[in-house]
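# Secondary and tertiary structure notes
As a plain string of letters, each chain reads:
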Amino acid sequence: MAMENFKQFLFALSAAVSVGFVSTIFVLRWVFYFKEGLAWDGEFAEFNWHPVLMVTGFIFMQGIAIVVYRLPWTWKCSKLMMKFIHAGLNILAFIFAVISLVAVFDFHNAQNIPNMYSLHSWVGLAAVILYSLQLVLGVCIYLISITPIYLRAAFMPLHVYSGLLIFASVITTALMGITEKLIFGLKYPKYKDSPPEANFVNVLGVLIVVFGAIILWIVTRPSWKRPSEQVLRSLPTYGDGSAGTKMGTALSQQTDPIDPEGNGDARRRSGKLEDSGQVN
Ligand code: HEM
Ligand code: HEM
């Protein structure tokens, strides 16, 4: 396998998917076992769509969308196809987030509860608005081919930085929301008396942090980055692994005309591997 430390990558990916999956089970058990279930009736069961869709869509799906370029078995797929998958998953996550917001605003209006008073709602709405901007800019710059190459390359560090900043803000927002809901909802016994629901949902919060931490780890490893198209095309077996030792050829250009958005890390990684003969 061409990827350096492939086993560690597989371990991190499996851990992220498992923790994300368990978080989904936890949020569903919270609303069905401890709370009122799910419905669209202006009551608490309508509010419950809010945490369910945020955790499954805006956190879990967004996390997977962020690491999708890093899956080594997709390196033989075209970059365009991977862009569609990355954009598609992000669009789906955005749709989940919007339905989740409609649920909570509709519930507040039906119950005459004021809107947008909490820090949770301010940071949360800002994250959703920035996310929509990131989506529009991503589509315009990387999917619509009229964007000049230099602009694509120049914008990439900002795209990655803002993507990760939004993802981290969404996780922070979820923790605030969970805490608020436990304080509002638990009366007898109260939150401070640690009833089973409080402990259970605290664990959900910890799982969400662990999921975010693993995703951020995967996406910040330079050696796990998808190699640039130029490198992939120079390999006889086109990314199936055995050609890893050939990486590092044709790596001298600063901006790859075939893949302007691929950053230099992969190239540095490739060069390093070839120099030290570490590839297996
Ligand atoms: C309300 C965003 C996750 C609990 C809100 C509001 C926004 C928002 C914008 C304001 C709605 C209004 O004023 O009518 C987000 C985002 C999340 C998220 C972006 C992404 C993770 C969660 C989670 C919970 C939660 C996981 C856990 C139960 C609440 C509660 C309210 C609320 C209790 C009503 C009180 C308030 O406005 O602060 N959320 N939320 N949220 N959210 Fe979230
Ligand atoms: C890479 C986030 C939407 C195109 C990335 C990365 C992040 C990210 C964190 C770094 C991935 C890595 O290093 O492996 C987001 C978020 C989005 C979004 C949060 C939605 C709000 C889009 C859209 C496109 C796009 C709509 C259009 C196709 C790209 C491209 C890369 C990238 C081309 C570079 C991949 C590479 O060369 O390895 N994105 N993105 N993104 N994104 Fe997005």
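Analysis parameters
- Residues numbered from 1 in each chain as written.
- Chains lettered and ligands numbered in written order.
- Predicted model: local features only at pLDDT ≥ 70, side-chain atom pairs only at ≥ 80, totals over all residues.
- Heavy atoms only, no water.
- Donors = N, O, S within 2.8 Å, 3.2 Å for Na, K, Ca; no water.
- Tetrahedral: all angles 85-135°; square planar, octahedral: opposite > 155°, others 65-115°.
- Helix = DSSP H or I, 4+ residues; strand = E, 2+ residues; numbered from the N terminus.
- Axes fitted to C-alpha atoms, helices over the stretch in contact; angles between N-to-C directions.
- Parallel < 35°, antiparallel > 145°, perpendicular 65-115°, else oblique.
- Left-handed = near helix turned anticlockwise from the far one by under 90°.
- Contact = heavy atoms within 4.5 Å.
- Nonpolar A, V, L, I, M, F, W, Y, C, P; charged D, E, K, R; others polar.
- UniProt positions renumbered as here; feature names shortened; annotations may be inferred.
- Near = heavy atom within 4 Å.
- Polar contact = N/O pair within 3.5 Å; in protein donor to acceptor, adjacent residues only side chain to side chain.
- Buried < 20%, exposed > 50% of the residue type's maximum accessible area, 1.4 Å probe, protein only.

So, on to the coordination of the iron atom of ligand 2. Protein coordination at the iron atom of ligand 2: the donors are His86 (NE2) and His159 (NE2), at 2.0 to 2.1 Å from the metal. Considering all six donor atoms around the iron atom of ligand 2, angles at the metal cover 86 to 180 degrees and the coordination shape is octahedral. One end of the pair, histidine 86, is in helix H4 (residues 79–110); the other, histidine 159, is in helix H6 (residues 149–185), with 73 residues separating them in the sequence.

Two elements in contact, helix H3 (residues 49–67) and H6, have axes whose closest approach is 10 Å; the angle formed by their N-to-C orientations is 160 degrees. As the angle between them shows, H3 and H6 are arranged roughly antiparallel. Along this stretch, H3 crosses H6, giving a crossing that reads as left-handed. Across the interface between the two elements, Phe58, Ile59, Gln62, Gly63 and Ile66 of H3 pack against Gly163, Leu164, Ile166, Phe167, Val170, Ile171 and Ala174 of H6.

With that out of the way, let us pick up the packing of H4 against helix H5 (residues 119–143). It is the contact of H4 with H5, at a shortest axis distance of 11 Å, that shows an interaxial angle of 155 degrees. Compared by their axis directions, H4 and H5 come out roughly antiparallel. Crossing of H4 over H5 shows left-handed handedness. Facing H4, whose interface residues are Leu80, Lys83, Phe84, Ala87, Asn90, Ile91, Ala93, Phe94 and Leu101, H5 presents Leu125, Val128, Tyr131, Ser132, Leu135, Tyr142 and Leu143. Here the contact of H4 with H5 is built from residues that sort into 13 nonpolar, two polar and one charged.

Now for the UniProt feature "transmembrane region" (unreviewed entry) in the chain. As recorded in UniProt, the feature "transmembrane region" (unreviewed entry) lies at residues 9–32, 52–72, 84–105, 125–151, 158–178 and 198–219. The distance separating the terminal C-alpha atoms of residues 52–72 is 31 Å; by composition the span is 76% helix and 0% strand. Span residues 125–151 is 81% helix and 0% strand, its end C-alpha atoms 29 Å apart.

Residues in contact with ligand 2 amount to 25 residues; listed here are only the nearest, Arg70, Lys79, His86, His159 and Lys225. Take histidine 159: an N or O atom from its side chain is 2.8 Å from a nitrogen atom of ligand 2. Between an oxygen atom of ligand 2 and a side-chain N or O atom of lysine 225, the distance comes to 2.7 Å. Residue assignment for the shell around ligand 2 shows that the elements contributing at least two residues are H3, H4, H5 and H6. Considering every element that reaches the shell around ligand 2, the biggest residue donor is H5, with seven residues. Of the residues contributing to the shell around ligand 2, the split by class is twelve nonpolar, eight polar and five charged.

If you check the shell around ligand 1, you find 25 residues, and the closest are His50, Asn115, Met116, Ser118 and His120. Glutamate 180 has a polar side-chain atom sitting 2.6 Å from an oxygen atom of ligand 1. Listing elements by their share of the shell around ligand 1, those giving two or more residues are H3, H4, H5 and H6. The element best represented in the shell around ligand 1 is H6, accounting for seven residues. By residue class, the composition of the shell around ligand 1 is 14 nonpolar, nine polar and two charged.

Moving on, we come to the coordination of the iron atom of ligand 1. Within the protein, His50 (NE2) and His120 (NE2) serve as the donor atoms for the iron atom of ligand 1, at 1.9 to 2.0 Å. One can describe the donor arrangement at the iron atom of ligand 1 as octahedral, given that its six donor atoms subtend angles of 88 to 180 degrees at the metal. Taken together, the positions of histidine 50 in helix H3 and histidine 120 in helix H5 put the pair 70 residues apart, joining distant regions of the chain. Taken as a pair, histidine 50 and histidine 120 share a single burial class, namely buried.

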